[in-house]
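Structural features, examined
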Amino acid sequence: LGALLLVFVSNQWSRALIYYINNFNIPITPEAAQLYANIDIGYNTEQYSILASVGFTSAFALASLFAGEVVAKYDRAKINTVAALAWSAALAFGSLATTFPQLLLSRSLMGFAMAATTPV
């Protein structure tokens, strides 16, 4: 039970991180670029809305259609482990992103992997 709680907390924290690494209300400076992804990578509010919504949710929803059946057939502990490693890799890839498409791909991969840990 403790491991599942840890997976759930990590899942929620990872998917919500995008909301906290952006600030569109400050001047663009080198210091701000070190703190905020939108300034560092150079994306606008419309692109941010894609990252924060459909960039993650569409992959999550699509993968969720199949995740329930997979989790029912195979070892849930192994699936949770693989999913947690996959979304951690996607999060790490996102931290290295230098372009909006790279960050969007990271969010989509994260959504796909997280679906296996919360099947309907």
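Residues numbered from 1 in each chain as written. Predicted model: local features only at pLDDT ≥ 70, side-chain atom pairs only at ≥ 80, totals over all residues. Heavy atoms only, no water.

This next bit is on the packing of helix H6 (residues 76-95) against helix H7 (residues 100-114). In the contact formed by H6 and H7, the axes pass within 8 Å of each other and the chain directions differ by 170°. By the angle between their axes, H6 is roughly antiparallel relative to H7. Counting all contacts with H6, which are made through Ala 83, Ala 86, Trp 87, Ala 90, Leu 91, Phe 93 and Gly 94, the residues of H7 involved are Gln 102, Leu 103, Leu 105, Ser 106, Leu 109, Met 110, Ala 113 and Met 114. (Axes fitted to C-alpha atoms, helices over the stretch in contact; angles between N-to-C directions. Helix = DSSP H or I, 4+ residues; strand = E, 2+ residues; numbered from the N terminus. Parallel < 35°, antiparallel > 145°, perpendicular 65-115°, else oblique. Contact = heavy atoms within 4.5 Å.)

Glancing now at the packing of aromatic side chains. Taken as a whole and judged by the stated rule, the model has three aromatic pairs. Centroid distance Phe 56 to Phe 60: 5.6 Å. Interplanar angle 20°. Geometry classified as stacked. Within this pair, Phe 56 and its partner Phe 60 are both found in helix H5 (residues 54-73), separated by four residues, close to a single helical turn. Of the two residues, Phe 56 and Phe 60, neither departs from the other in class, the shared state being buried. (Phe/Tyr/Trp six-rings, centres within 6.5 Å; stacked < 30°, edge-to-face > 60°. Buried < 20%, exposed > 50% of the residue type's maximum accessible area, 1.4 Å probe, protein only.)

In this section: the pattern of salt bridges. The full count for this structure, using the stated rule, is one salt bridge. The partner of Lys 73 in a salt bridge is Glu 69, with the nearest N and O atoms 3.2 Å apart. Taken together, the residues span about one helical turn, with Lys 73 and Glu 69 both in helix H5 at a distance of four residues. Glu 69 matches Lys 73 in its accessibility class, with the two residues each being exposed. (Salt bridge = Lys/Arg side-chain N within 4 Å of Asp/Glu carboxyl O.)

What follows deals with helix H1 (residues 2-16). Spanning 15 residues, H1 covers 21 Å between terminal C-alpha atoms, matching the ideal 21 Å at 1.5 Å per step. Along H1, the residues that are buried comprise Val 7, Asn 11, Ser 14, Arg 15 and Ala 16. Next to the buried residues of H1 lie H5, H6 and H7. (Expected span 1.5 Å × (residues − 1).)

For Gly 94, the position within the fold is in helix H6. Residue class for Gly 94 comes out buried when judged on its relative accessible area of 13%. Between the C-alpha atom of Gly 94 and that of Ile 41, which follows or precedes it by 53 residues, the distance is 11 Å. When near neighbours in sequence (up to four residues on either side) are disregarded, Gly 94 contacts Leu 103 and Ser 106.

What follows concerns the nonpolar core. The biggest cluster of nonpolar side chains holds twelve residues, and these are Val 7, Phe 56, Phe 60, Ala 63, Ala 67, Ala 84, Trp 87, Ala 90, Met 110, Ala 113, Met 114 and Ala 115. When contributions to this core are tallied by element, the ones reaching two or more residues are H5, H6 and H7. (Core = buried A, V, L, I, M, F, W, Y, C linked by side-chain atoms within 4.5 Å.)

In the predicted model, the protein chain carries a mean pLDDT of 91, and the fraction of residues at 70 or more is 98%. Taken element by element, the protein chain is modelled with least confidence in H1, mean pLDDT 83, and with most confidence in helix H3 (residues 37-42), mean pLDDT 96. (pLDDT = per-residue confidence, 0-100.)

Taken together, the side chains of Leu 62, Leu 65, Phe 66, Val 70 and Tyr 74 define a hydrophobic patch exposed on the protein surface, amounting to about 570 Å² of accessible area. By the secondary structure assignment, Phe 66 is in helix H5. For Phe 66, a relative accessible area of 54% puts it in the exposed group. (Patch = residues over 30% accessible without salt bridge, like charges linked within 9 Å, V, L, I, M, F, W, Y side chains within 5 Å. Areas by Shrake-Rupley, 256 points an atom, 1.4 Å probe, with all protein chains shown as cover.)

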